[in-house]
Each structure stands twice: as structure tokens, then as C-alpha cells.
Amino acid sequence: MKVRRMQPARFGLFIIAAIWLFVIVPMSALAAPYAAYVIDARTGEVLHARNADTRLHPASLTKMMTLYIAFQAIERGEISLDTKVTISQNSASEQPSKLGLRSGQKIALRYLVRAAAVKSANDAATAIGEAIEGSEAKFARRMNRTAKQLGMTRTTFKNAHGLTEDGHLSTAHDMTVMGRHLLYDFPQYYNLFSRITADAGVRQVSHTNRRFLSSYKGADGIKTGYTRAAGFNLTASAERGNERIIVTVFGGASTSARNAKVAELMDLGFRRAPSSAPVRKPAVPDYIAQADPEPATQQTASAASAPGAKGKTIRLIRAVKESKRPKIRPGSDEAVLAAVAEASDAMSDVLSSAIDAAVAQANATPAPEAPKVASAAPVPIKPAAAEAVEQVILAVANTSARPTLRPKGLVVIGAQPKSEKQAAPQEVVTRVSTSGGRHWGVNVGRFGSRYAAEKVLIKTALAEMATLDGSLRKVVQKPQGFDANFLGMTRETADLACRRLKARNVSCFMIGPG
């Protein structure tokens, strides 16, 4: 009886099919959804988009918003980079990636910022949020307010670090918007995202995106992210010449696959972006603080606690019931104030009676038979009323507080006695020259661009400081190009400067007045 043996080729095919069915297919089913977004950073123009508005898990891309708010708080004076932050148990217990901070430890904010930006440390991100807002929950609410202001309409934050949590979602579009605001709103801090290593206080940390930063020409940021639910995410920026591209990718299968995809989209962006375009920076949002809950009245509290009160609209009574008058200044004469108040009341009574009398007199006067043109005259007031008004005015004047007379022997500092002699007439100057004869200048060349002319002016000024120090560098645009001039010199200085520059083989000629 012969035993049939399976041929090696067939056995290999069987193994490959088994791997495909039981390993690759299930893993592909569990892979995170893919999304991508590419823009020209200068203008915000969209160059490529795929699933860009699909709400996905952002992972540590979240820390871009955490750092944005940290920079905002520093700028507003809420906190400083040197502020010592006490690490809470909540921060110390965060899952990796982390810096390894201990509960109760004190560390400067600058080190937390570096750790969050470079190493993507979750404990550092949480500590930043708690230091600024007091708790991670309050900080998440500020993150959402800021996201709304930036136009990130499909983003909801639940924490400061980006670890997977129900409802903590964003989009490739929104994270690209976030990266662009980081670049233009806080350029003084943007260099953090391109550092390969950084000092985080307790130790040196390496950048999570160092492979892409080292391999792609012009790359200078921004942030990586990874969780099982999110996959391998990256918001990256690169600059070549005058062009800058920002790319966001969600759902990469691995670090290398994600980096390769981002490089491919970067190349696409540089191909599609114009070589020159105006830089239209996004508007910097105004800070909106969380409104503190206002105290409710007793009726409101009881209504809210009553059964079935959920869902009802409760209106607070906020009308002012009492207006408190300011207290009288110490040392003021209360008698005078009382007299003025009484006089005011008396004046009011007299004027009221006078008005009533005038109205009665007007009603009693018969209407004229024919219209006549006459000059308007004031309505006469009865003599008794006029006399009463006069008495009140005199009473007020007599009771008014008068300043005490200055002592006779008092000498006021700075007072000058009047001169008996009449001052000599002043000479009228029709024109004053402040130039000191500095109407001359020198020209050191004509160039094709303003930048080139300014560059030559700076270089020449540094080389010839003896004669050009104090002169004005000025680029004048002409139809043929841009003239590089030094102005505000005397004729002698201009002549000496030109002779010295010519000795250095620098083209130069003098410019006269006018």
C-alpha cells in the first residue's frame, strides 16, 4: 500500500491561505479608518481631501490643542513658563507614553510643555491642563470652547492627552486647522515641534516624529498620535522655499506606512501649490472665559429641586431692588448738605406753583380775533413766585461751602513775581533746519528686488561703519529697479564714504540735495 505525501508546493500554499484567512483578514477588519487632508498653509487652500470630515479618534494629536491653550495662557499672564506645577495623583497615574512624574512632585511648566510637544507625554499633558484650569474636566471645556472659535466644528475633547474615551473625536480637517493655528498664532513656540531631543527637566526626551523629521526635506513638525482605536496619526508641516504644506493622516497601519503616506501627500501638495502666493494668516481668536454660575433665588432653588422640574425653563429675577447711595466723605459739612437739600425741595415747590399759575393765566387769556405777527415773549411769573425763587437762590448761595482764604504769609513754590519791564519781542523763525547740513547721500547700486537692495545696504553698513554710522538706509523703487541709498550725510562724509567704498571695489556715487 502506497502512502501519498503532500508535495512541498501544495503545503506552502496551504500555509499561506491559512495565514490570510485567520490573521490578515481579521487584522484588516480591525484597522482604524483612513482619512487625509492636505492644504497650502499660506492661504488655507485645500489641495487634497479624503474622509476629511469623518469623526475619528485623534489620539495624541489632541495635545496640539493642549499646547495651544498653554501658549495662550502664558500670553495672557494666567501662568508663566517658570511656574512650578505640583503633580496630582491623576496626572501621575496616566497611561504611557509618559514622563514618569510622581504625585506631589514639583516641576516647571516649561518642562511639561517640552515633554508634551516632543515626547507626547500623557502625564505632562494632564498636568498642564490642571495647572491652567484647576481640573482636567474644566480644561476639556476650555478646549472645546477654543475649538469652536478656531472653526473646528466637528471636534469634541474629553481629556488633555488624547487617550481613547467615548465622545473624544475629531477630523482630519479640524486637526489640520489646529496645526495651522499653532504655526501662525504662536510662531515663537513652533520650534518646539521640530526638536529631535529636548530637556524635560527630569531627563532628556526624544521626538516621537524624529524619523519623518530626519527623512523628509523641509519637515519641521508637528505632532504624532497612536492608539489602537485611532491607528497611527500624524499632522505634519514642511516648508520648501516660499511654499509650506500641512498634511494630516488618520488611521495609518504602522509608523513607517504612515510616514510614507504623509511623504506622498506632501509631494502632492508641493506639486499642486503655486510657487508664490500671499500669506493669509488665520484670525487669532479672542479668549472666552467660562461664565461662573450665578446664584439663584430661593424660589429658583426650590423650583429646581421640586419633582418634575427637569427640563423646565427657570428665569432668574435680576432687577435691582435697592440702589445704595455713596457715603458722605469724611470732614464734609452735613449742615450745608442738609440746607442745600431743603433749598432744592423749596425750589421744586416754588417752580411747581409758578408753572401752575402760568398755565392758569394762559388758559384765562382770550384768544385773539385775528392772527397777528408778534415777537415771542416769555410767560410772566407772578411777582410772589419770582420773589420766592429769589429768596431760595440767596439761601442756597449763603449756605454754600466756601474755601478758606489762603494765609497771607504763604509762598507758592514756582510762582514768579511780575516783571515791571516789558519782555522783549520774540524773534519769529520761519524755518528751522534740523538736518545740520546733512542733505547728501551715497548710492551703492541698483538691484532687481527690494530684498537684494536691503541685503547689500546691511552688508555695506557693517563693512564701512566709520563713515556710514548714523546714516539712513533707504531703498528707493525706480522703473529700472531698486536703488540702495545711504541718506542724511554731510557732503564731506558722503565724499569720504564713497572714496573708501570704491577702494573696497564697491560701486558708489554721491547723491546731492533734492
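All values derive from a computational prediction rather than experimental measurement.

Asks: Even after reading the chapter, I still don't get the environment of valine 284, so can you show me in this structure?
Replies: The residue valine 284 is located in the loop between α9 (255-272) and α10 (298-305) in this model. For the pair valine 284 and histidine 181, spaced 103 residues apart in the sequence, the C-alpha separation amounts to 7.8 Å.

Asks: Looking at this structure, I do not really get the sheet that holds strand β11 (residues 472-478). What am I missing?
Replies: Backbone hydrogen bonds are what pair the strands of a sheet, in a parallel or an antiparallel way. The strand order across the open sheet formed by four strands is β11-β12-β10-β13, and the pairing between neighbours is antiparallel. The two strands at the open ends of the sheet, each matched to only one other strand, are β11 and β13 (509-511). Recorded for the sheet is a direction-independent mean angle of 35 degrees between the axes of neighbouring strands. Sheet analysis places strand β10 (residues 440-447) next to strand β12 (residues 481-489), joined by five bridges and oriented antiparallel. Each bridged residue has a counterpart across the sheet, and for asparagine 443 the counterpart in β12 is asparagine 485. The sheet strands contacting helix α13 (residues 450-463) are β10, β11 and β12, and the helix crosses β11 at an angle near 155 degrees. Across the sheet, helix α15 (residues 491-503) is in contact with β10, β12 and β13; its angle to β10 comes to roughly 35 degrees.

Asks: How should I be thinking about the environment of leucine 169 in this particular structure?
Replies: Within the fold, leucine 169 resides in the loop between α6 (136-150) and α7 (172-185). For the pair leucine 169 and alanine 230, spaced 61 residues apart in sequence, the C-alpha to C-alpha distance is 9.8 Å. If near-sequence neighbours (up to four positions away) are discounted, leucine 169 is found in contact with Arg55, Leu56, His57, Pro58, Arg154, Thr155 and Thr156.

Asks: Even after reading the chapter, I still don't get the nonpolar core, so can you show me in this structure?
Replies: Looking at soluble globular proteins, one finds that nonpolar side chains tend to be buried together. Within the largest apolar cluster, 60 residues are counted, with the highest numbers of intra-cluster contacts made by Met65, Phe71, Leu112, Ile128, Met152 and Met178. For this core, the elements supplying multiple residues, two or more each, are β1 (35-40), α2 (63-76), α4 (109-119), α5 (122-133), α6, α7 and β9 (243-252). The element best represented in this core is α2, accounting for nine residues. One finds Leu213, Ala236, Ala238 and Leu265 within the second-largest nonpolar core, a separate group that totals 19 residues.

Asks: Is there a simple way to think about the sheet that holds strand β8 (residues 231-240) in this case?
Replies: Across the sheet, which stays open at both edges, the five strands sit in the order β2-β1-β9-β8-β7 with antiparallel pairing between neighbours. Each edge of the open sheet carries a strand with a single partner, namely β2 (45-50) and β7 (219-227). Each neighbouring strand pair of the sheet contributes to a mean axis angle of 5 degrees, computed without reference to strand direction. As defined by bridge partners, β7 adjoins β8 across eight bridges and the pair is classed as antiparallel. For lysine 223, the partnering residue across the bridge sits in β8 and is threonine 235. Of the strands in this sheet, β1, β7, β8 and β9 are in contact with α7, which crosses β9 at around 140 degrees.

Asks: Would you take a moment to explain the side chain of threonine 146 for this structure?
Replies: Residue position: threonine 146 is located in helix α6. Under the relative-accessibility criterion, threonine 146 is labelled buried at 3%. Discounting residues that sit within four places of it in the chain, threonine 146 has contacts with Met65, Tyr68 and Ile69.

Asks: Honestly, the side chain of glutamate 464 in this entry has me stumped. Any pointers?
Replies: Locating glutamate 464 in the fold gives a position in the loop between α13 and α14 (465-468). Among the polar contacts made by the side chain of glutamate 464, one reaches the side chain of arginine 504 at a distance of 3.3 Å.

Asks: Where do I start with the state of the cysteines in this structure?
Replies: Disulfides are covalent bonds that link the sulfur atoms of two cysteine residues. Scanning the model with the defined rule gives one disulfide in all. Paired through a disulfide, cysteine 498 and cysteine 508 show a sulfur-sulfur distance of 2.1 Å. Here the S-S torsion is close to -85 degrees, and the disulfide linking cysteine 498 with cysteine 508 is therefore left-handed. Here cysteine 498, found in helix α15, pairs with cysteine 508, found in the loop between α15 and β13; they are ten residues apart in sequence, far enough to count as distant. Cysteine 508 gets classed as buried once you look at its relative accessible area, which sits at 7%.

Asks: Before we go on, may I ask you to explain unusual backbone geometry in this structure?
Replies: Peptide bonds are mostly trans, and most non-glycine residues show a negative phi. Along the chain, proline 96 connects to serine 97 via a cis peptide bond; the corresponding omega equals 5 degrees. For the bond from glycine 221 to isoleucine 222, the omega torsion is 15 degrees, close enough to zero to count as cis. Checked against the element boundaries, isoleucine 222 lands in strand β7. The backbone of alanine 59 sits at a positive phi, close to 55 degrees, despite the residue not being glycine. Relative to the helices and strands, alanine 59 resides in the loop between β2 and α2.

Asks: Looking at this model, I keep getting lost on a nonpolar patch on the surface. Mind explaining?
Replies: On the surface, Ile458, Leu462 and Met465 cluster together into a nonpolar patch covering about 320 Å² of accessible area. Of note, isoleucine 458 is situated in helix α13.

Asks: Which parts of the structure should I look at to understand the packing of aromatic side chains?
Replies: Remark: the centre distance and the inter-plane angle together describe each pair of aromatic rings, the angle taken between the planes. Taken as a whole and assessed by the stated rule, the structure comprises seven aromatic pairs. Consider the rings of tyrosine 190 and phenylalanine 193, whose centres lie 5.9 Å apart with planes at 50 degrees: the pair is tilted. Here phenylalanine 193 falls in the buried class, since its relative accessible area comes to 1%. Measuring from ring centre to ring centre gives 5.4 Å for phenylalanine 212 and tyrosine 216, while their planes differ by 5 degrees; the resulting arrangement is stacked.

What counts as what
- Residues numbered from 1 in each chain as written.
- Predicted model: local features only at pLDDT ≥ 70, side-chain atom pairs only at ≥ 80, totals over all residues.
- Heavy atoms only, no water.
- Helix = DSSP H or I, 4+ residues; strand = E, 2+ residues; numbered from the N terminus.
- Pairing = 2+ DSSP bridges.
- Axes fitted to C-alpha atoms, helices over the stretch in contact; angles between N-to-C directions.
- Contact = heavy atoms within 4.5 Å.
- Core = buried A, V, L, I, M, F, W, Y, C linked by side-chain atoms within 4.5 Å.
- Buried < 20%, exposed > 50% of the residue type's maximum accessible area, 1.4 Å probe, protein only.
- Polar contact = N/O pair within 3.5 Å; in protein donor to acceptor, adjacent residues only side chain to side chain.
- Disulfide = S-S within 2.5 Å.
- Patch = residues over 30% accessible without salt bridge, like charges linked within 9 Å, V, L, I, M, F, W, Y side chains within 5 Å.
- Areas by Shrake-Rupley, 256 points an atom, 1.4 Å probe, with all protein chains shown as cover.
- Salt bridge = Lys/Arg side-chain N within 4 Å of Asp/Glu carboxyl O.
- Phe/Tyr/Trp six-rings, centres within 6.5 Å; stacked < 30°, edge-to-face > 60°.

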